[in-house]
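Inside the fold
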Amino acid sequence: MNPVTVGIISTIIFLFLLVLRMPIAISMALVGFFGVSYLTNPQAAYRVLASELYSTFSSYPLSVTPMFIMMGFFAYHAGIGNKLYQFAYKTLGGIRGGLAMATELACAIFGAVCGSSPATAATIGSIAIPEMRKYKYKDSLASASVAAGGGLGIVIPPSVPLVIYGLTTEQSISKLFLAGILPGILLTGLYMMAIWVVVKRNPSLAPTSSGPRPDIKELFDTLRGVLLDVFIIFALSVGGLFAGWFTPTEAGAVGAAGVLLVTILRGYMDMSKFHKALRDTTRTTAMIMLLIGGATIFSRLISLSRIPFEIADWVSTLPLPTFVVLFIILLIYLFLGMIIDTIPLILITVPIFYPVVVDTLGYDPFWFGAIIAIIVTMAVITPPVGVNIYVIKGVAQDIPLEKIFSGITPFLIAAIVCCVLMVMFPQIATFLPSLV
Amino acid sequence: MKNIIYKFSNFLDYIAGYALVLVMLLVVANVVLRAFGVPIMGTVEFVGLLTAIAVGMSLAHCATSGGHIAVSLFFSKMSKGLQQITSILVNTVVFIFLWVIVWRLWIYAVTLRDTGQISLTMGISFYPFVMAIAVGFAIYSLVVLVKIADNFKGGVEE
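Just so we're clear, the structure is a prediction, and the values are computed from it rather than from any experiment.

All right, on to the overall build of chain B then. Assigned secondary structure in chain B consists of four helices and zero strands. Helices and strands in chain B line up, N terminus first, as α-α-α-α. Whereas a compact globule of 158 residues would reach a radius of gyration of roughly 15 Å, chain B reaches 19 Å, over 25% beyond that. For the C-alpha atoms alone, the extent of chain B along its principal axes is close to 65 × 35 × 30 Å.

Below, the structure written as structure tokens:
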């Protein structure tokens, strides 16, 4: 059997194991191990299995992942998200649809200290949904606005999916974070605009011009409080990374320590919350690092099979404009994102499509990272998997899933508009990285 | 038996959590001291090795709470009986493969010990960390074994 055939058969077996609900990390390691064994010899596969797992787990560059995860969970358990919502609520709560817009704003700011999309959706959702219901917002708008807003953290730095993309493609994490800033702000604006449009067209979605009137003194107090904390932590951690003071791991550690220190000083953190945050951090770290270990073994097989090179060669001979090929690849991402979670999606697909998009079609690697992040934000709110939808379902159990799904259309359209704008004006993602 | 395995994974997870806190403190201390021209020697090595401990020690606890993500979309459409049979088969394959990993990691650790592989700056031996990861995988496999026993009793993980 030639290597390409082995690669294709292995991929089919891998997909079959996924259907049977084998953990994705183990499926990748298992198929990768047997594939490498077939294409080389069992001794080589044994060496790959042990050495790749150890070198993944003990890798200094990869230690950035648990640090940013820890930063996010400290912020989550200390209730920073709730306090941010209070600020956004006081700023935008007075206009029609303002509470839903406040949700997007709070999610975007929380995304600056938390790279986890479900954690953002859960933390903001638990306070925003009851508040919107109090003011008779329709459940579809209330729940969908939180689910969509939760995804903003995937684009806005520090973002764990962008870290994984950077590590997979060996691109600068600092530049990837920079590439995420403007698309993140744009997407936040588009989400708010989508809310404004749907509420304008159907005022019953947000019936009263409700919520509190902005009080300048209160706003100033909030500005001095949690918002200033978030700004300082972001400036120190991600800012230090942009300025070249820190490595990504150091930025993550400084961010985590910063959040911990601030929340202790403010009295938001106690021992129980600290342990809960550690629990969530180790759980997510184990999941992601085993996934990376499995993906590394699987990618050995994919390289040996020469599939990425064959695809790149084939694409270069296609009589199609580059943007059509790109469009097809983005559609594949959207489709896969509907059934596979964010991190494995990036780990599985990027080694295959990155050479095609960047080397063959000539797109900017940071732009590609940013647009994948936007696509993933769509995937987390699209059925059937749509992880944020299920998080919201967990927060507001009496809202039927269909109702949540029915409200996401405007947000999906907003995200598609964001993608189109990024294709038309790649500078949205490439401008900031080009400055450093 | 299930209780003992789950409690032990829980204990290992505590070690993992504090290993990560140690990484955070070490890195921050190094950043601060570096600013004064006295960086902590071997920080990169310590961080790598502590992260290895953290990941190894948290694998099993992650499995107890279904943290190793899988695609449930198609599985959830199966009948209860088929779900049970599939779970038994899949978990058995996972259990066997985890032991292959444990076996190869142990052999790798012994090779590193016998060839005297140490880190460049601090001269720390690598093999105990590889063995710690092997232990982590071994406990993870025991969690899977508990799940197989549950599957035989008719339990299927949600």
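This part covers the overall build of chain A. Check the secondary structure of chain A and you find 22 helices and zero strands. In terms of overall dimensions, chain A is globule-like: its C-alpha atoms have a radius of gyration of 22 Å, near the 22 Å expected for 436 residues. Along the three orthogonal principal directions, the C-alpha set of chain A runs to about 70 × 50 × 45 Å. Buried residues in chain A amount to 62% of all 436 residues. Here chain A displays about 15900 Å² of accessible surface, and carbon together with sulfur accounts for 69% of that area. The positive charge centre, built from 24 side chains, and the negative charge centre, built from 19, are 9 Å apart in chain A.

Let us look at the nonpolar core. Soluble, globular proteins show a tendency: their nonpolar side chains are buried together. In terms of nonpolar packing, the biggest core is built from 230 residues, with Phe-74 of chain A together with Phe-137 of chain B touching the most fellow members. Here this core takes 15 residues from helix H14 (residues 271-305) of chain A, the largest share from any one element. With near-sequence residues (within four places) excluded, Phe-137 of chain B lies in contact with Leu-53, Phe-57 and Leu-290 of chain A together with Leu-59, Leu-98, Ile-101, Val-102 and Leu-105 of chain B.

All right, on to unusual backbone geometry then. All names here are of chain A. Cis rather than trans, the peptide bond between Pro-157 and Pro-158 has omega equal to -5 degrees. Secondary-structure assignment places Pro-158 in the loop between helix H9 (152-155) and helix H10 (160-169). For Lys-136, which is not a glycine, the phi torsion comes out positive at approximately 65 degrees. Residue classification places Lys-136 among the exposed residues on the basis of a relative accessible area of 58%. For Glu-170, which is not glycine, the phi torsion reads 55 degrees and is therefore positive. Residue placement: Glu-170 occurs in the loop between H10 and helix H11 (173-201).

All right, on to the side chain of Thr-56 of chain A then. Residues and elements named next belong to chain A. One can find Thr-56 in helix H3 (residues 42-57). Among the polar contacts made by the side chain of Thr-56, one reaches the main-chain carbonyl oxygen of Glu-52 at a distance of 2.7 Å. Leave out the neighbours within four places in its chain, and Thr-56 touches Leu-62, Met-289, Ile-292, Gly-293 and Thr-296.

We now examine the pattern of salt bridges. The full count for this structure, using the stated rule, is nine salt bridges over all chains. Arg-300 of chain A is the salt-bridge partner of Glu-52 of chain A, the closest N and O atoms lying 2.7 Å from each other. Here Glu-52 of chain A is found in helix H3, whereas its partner Arg-300 of chain A is found in helix H14, with 248 residues between them in sequence. For Glu-52 of chain A, a relative accessible area of 10% gives the class buried. Across the pair Arg-34 of chain B and Glu-250 of chain A runs a salt bridge, and its minimum N-O distance is 2.7 Å. Of this pair, Arg-34 of chain B sits in helix H1 (residues 2-35) while Glu-250 of chain A sits in helix H13 (residues 248-265), placing the two residues on different chains. According to the relative accessible area criterion, Arg-34 of chain B is partly exposed, its value standing at 33%. Overall, the relative accessible area of 4% leaves Glu-250 of chain A in the buried class.

Turning our attention to the interface of chain A and chain B. How big an interface is tends to be stated in terms of accessible area lost as the parts join. Taken together, the contacts link 53 residues of chain A with 60 residues of chain B. Summing both partners gives a buried area of about 4900 Å² for chain A against chain B, and 77% of it is carried by carbon and sulfur. Here chain A and chain B share two salt bridges between them. Close ionic contact of Asp-13 of chain B with Arg-279 of chain A constitutes a salt bridge, the shortest N to O distance being 2.8 Å. Linking chain A with chain B are ten residue pairs in polar contact (both at pLDDT 80 or more). Per-element tally for the side of chain A that touches chain B: the top contributor is H14 of chain A, with 14 residues. Looking at the side of chain A that touches chain B, its residues break down into 39 nonpolar, nine polar and five charged.

Another point: the packing of aromatic side chains. If you walk through the whole model with that rule in mind, you get 20 aromatic pairs over all chains. Here the aromatic rings of Phe-14 of chain A and Phe-298 of chain A are separated by 5.0 Å at their centres, their planes lie at 40 degrees, and the arrangement is tilted. With a gap of 284 residues between them, Phe-14 of chain A in helix H1 (residues 3-19) and Phe-298 of chain A in helix H14 connect regions that are remote in the sequence. The residues Phe-14 of chain A and Phe-298 of chain A share a single accessibility class, namely buried. Ring pairing ties together the aromatic residues Phe-33, Phe-34 and Tyr-46 of chain A together with Phe-97 and Trp-103 of chain B, which thus form one cluster. Between the NZ or CZ atom of Lys-2 of chain B and the centre of the ring of Tyr-6 of chain B, over which it lies, the distance is 5.6 Å.

Another point: the side chain of Ser-58 of chain A. Structurally, Ser-58 of chain A can be placed in the loop between H3 and helix H4 (64-77). Those residues in contact with Ser-58 of chain A, other than ones at most four positions away along the chain, are Gly-48 and Ala-52 of chain B.

A separate point is H4 of chain A. Residue and element names in this part refer to chain A. Here H4 is 14 residues long and its end C-alpha atoms lie 20 Å apart, about the 20 Å a rise of 1.5 Å per residue gives. Taken across its 14 residues, H4 has 13 buried, putting it largely inside the fold. Once H4 finishes, Gly-79 follows within two positions and takes phi at roughly 80 degrees, a positive value.

Calculation notes
- Residues numbered from 1 in each chain as written.
- Chains lettered and ligands numbered in written order.
- Predicted model: local features only at pLDDT ≥ 70, side-chain atom pairs only at ≥ 80, totals over all residues.
- Heavy atoms only, no water.
- Helix = DSSP H or I, 4+ residues; strand = E, 2+ residues; numbered from the N terminus.
- Rg over C-alpha atoms; globule rule 2.2 N^0.38 Å.
- Buried < 20%, exposed > 50% of the residue type's maximum accessible area, 1.4 Å probe, protein only.
- Areas by Shrake-Rupley, 256 points an atom, 1.4 Å probe, with all protein chains shown as cover.
- Lys, Arg positive; Asp, Glu negative; His and termini not counted.
- Charge placed at Lys NZ, Arg CZ, Asp CG, Glu CD.
- Core = buried A, V, L, I, M, F, W, Y, C linked by side-chain atoms within 4.5 Å.
- Contact = heavy atoms within 4.5 Å.
- Polar contact = N/O pair within 3.5 Å; in protein donor to acceptor, adjacent residues only side chain to side chain.
- Salt bridge = Lys/Arg side-chain N within 4 Å of Asp/Glu carboxyl O.
- Buried area = accessible area lost by both parts, 1.4 Å probe.
- Nonpolar A, V, L, I, M, F, W, Y, C, P; charged D, E, K, R; others polar.
- Phe/Tyr/Trp six-rings, centres within 6.5 Å; stacked < 30°, edge-to-face > 60°.
- Lys NZ or Arg CZ within 6 Å of the ring centre and 35° of its normal.
- Expected span 1.5 Å × (residues − 1).

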